[in-house]
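Each chain, letter by letter, is given below.
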Amino acid sequence: LSALYWWACQTFDSLSYLLKFEKSDGCSWPKEKLLDELESKKNLEGLGNLPGLIRYPEFSLSTPLSEFRIVGKYDLLSIVDGKFIIYDWKTSRKQPKREWIANNLQTRVYPFLLVHAGVHLNENNPIEPNQIEMIYWFINFPTAPIKFPYNEQQFNEDKDHINTLLEGIKSLDESPAPMTDNEK
């Protein structure tokens, strides 16, 4: 546990809420340097003082799908001029390749879920896939976010993929998994 990092959103009044980072050994991240960079470059797609900007930090959505409930907790969902931007903060020491993130289930489920369950965020109008973008923002690479615009084709591919996964879950044997001798 001594190598784990911890962070938490403290407020949403400014970008500074991102930077409550501390190592378990008591050492701090260079908060001031990162804050200065964020404030000066607005690396979060201009989340500063845009008029009409709506932000939902630590926002949860869920929807029934087949015999299951799909749930997602978004680090930040922002709405600007009819565009829905999903931000996900990543604390990894190395930035993963775009291809790996593109195939990550989170990249597929979060936009899909927003289309299915986010109508109340769009004045009770359906959210179209092309209104959505997902951005992975890495604290160790603040000037290199990885962006995934969403579209109808990706939505349909994600729907098929998620349904295939759910069918696979439904087909599993309901008997409990065998217990292990390892008591750790």
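Because the structure is predicted, anything quoted here is derived from the model rather than measured.

Peer 1: What am I meant to see in the packing of aromatic side chains here?
Peer 2: The description of an aromatic ring pair rests on the distance of the ring centres and on the angle between the ring planes. For the structure on display, the rule yields 7 aromatic pairs. Ring centres 5.9 Å apart and planes at 25° place the aromatic pair Tyr87 and Trp89 in the stacked group. Take Tyr87 and Trp89: they sit in the same class, and that class is buried. Centre to centre, the rings of Phe138 and Phe141 are 6.5 Å apart; their planes meet at 75°, and the pair counts as edge-to-face. One aromatic cluster in this structure is built from Tyr87, Trp89 and Trp137. Over the face of the ring belonging to Phe148 we find Arg98, whose NZ or CZ atom lies 4.2 Å from the ring centre.

Peer 1: Would you explain the side chain of Gln131 in this entry?
Peer 2: Relative to the assigned elements, Gln131 resides in the loop between helix H3 (105–117) and strand E6 (132–138). Overall, the relative accessible area of 17% leaves Gln131 in the buried class. At 2.8 Å, the side chain of Gln131 forms a polar contact with the backbone oxygen of Gly82. Within polar-contact distance, the side chain of Gln131 engages the backbone nitrogen of Glu128 at 2.7 Å. Apart from residues lying up to four places away in sequence, Gln131 is in contact with Gly82, Lys83, Phe84, Asn122 and Pro126.

Peer 1: Even after reading the chapter, I still don't get the pairing of strand E3 (residues 54–65), so can you show me in this structure?
Peer 2: On any regular strand, side chains alternate: one points to one face of the sheet, the next to the other face. Across 11 bridges, the pairing between E3 and strand E4 (residues 68–80) is antiparallel. Bridging from a neighbouring strand, Thr63 pairs with Ile70 of E4. Hairpin connection of E3 to E4: 2 residues between the antiparallel strands, including Ser66 at a positive phi of 60°.

Peer 1: Where do I start with the packing of H3 against helix H4 (residues 152–170) in this structure?
Peer 2: Two quantities define a packed helix pair, namely the angle between the helix axes and the distance between the axes. It is the contact of H3 with H4, at a shortest axis distance of 10 Å, that shows an interaxial angle of 105°. The angle between H3 and H4 places the two elements in the roughly perpendicular class. The segment H3 lies against H4, with Leu105, Arg108, Val109, Phe112, Val115 and His116 engaging Gln154, Phe155, Glu157, Asp158, Lys159, His161, Ile162 and Leu165. The class makeup of the residues in the contact of H3 with H4 is 7 nonpolar, 3 polar and 4 charged.

Peer 1: Just to check I follow, could you spell out the nonpolar core for this structure?
Peer 2: The tendency in soluble globular proteins is for nonpolar side chains to be buried as a group. Core analysis: the biggest nonpolar cluster contains 29 residues, and Tyr74, Phe84, Ile86, Leu114 and Ile132 have the highest contact counts within it. Contributing elements (two or more residues each) for this core: E3, E4, strand E5 (83–90), H3, E6, strand E7 (141–149) and H4. If you tally residues by element for this core, the top one is H3, at 7 residues. Those residues within four positions of Ile86 in sequence are excluded, and the remaining contacts are Tyr74, Leu76, Leu77, Tyr110, Pro111, Leu114, Ile132, Glu133, Met134 and Ile135. Counting residues in each nonpolar core, the second largest holds 7 residues, with Leu76, Tyr87, Trp137 and Ile139 among its members.

Peer 1: Any chance you could explain H3 here in plain terms?
Peer 2: Helical periodicity: at 3.6 residues per turn, an α-helix aligns residues three or four positions apart in one direction. For H3, with 13 residues, the first-to-last C-alpha span of 17 Å sits near the 18 Å given by 1.5 Å per residue. The buried fraction of H3 is high, at 11 of 13 residues. Those residues of H3 that fall on the buried side of the exposure criterion are Gln106, Thr107, Arg108, Val109, Tyr110, Pro111, Phe112, Leu113, Leu114, Val115 and Ala117.

Cut-offs used in this document
- Residues numbered from 1 in each chain as written.
- Predicted model: local features only at pLDDT ≥ 70, side-chain atom pairs only at ≥ 80, totals over all residues.
- Heavy atoms only, no water.
- Phe/Tyr/Trp six-rings, centres within 6.5 Å; stacked < 30°, edge-to-face > 60°.
- Buried < 20%, exposed > 50% of the residue type's maximum accessible area, 1.4 Å probe, protein only.
- Lys NZ or Arg CZ within 6 Å of the ring centre and 35° of its normal.
- Helix = DSSP H or I, 4+ residues; strand = E, 2+ residues; numbered from the N terminus.
- Polar contact = N/O pair within 3.5 Å; in protein donor to acceptor, adjacent residues only side chain to side chain.
- Contact = heavy atoms within 4.5 Å.
- Pairing = 2+ DSSP bridges.
- Axes fitted to C-alpha atoms, helices over the stretch in contact; angles between N-to-C directions.
- Parallel < 35°, antiparallel > 145°, perpendicular 65-115°, else oblique.
- Nonpolar A, V, L, I, M, F, W, Y, C, P; charged D, E, K, R; others polar.
- Core = buried A, V, L, I, M, F, W, Y, C linked by side-chain atoms within 4.5 Å.
- Expected span 1.5 Å × (residues − 1).

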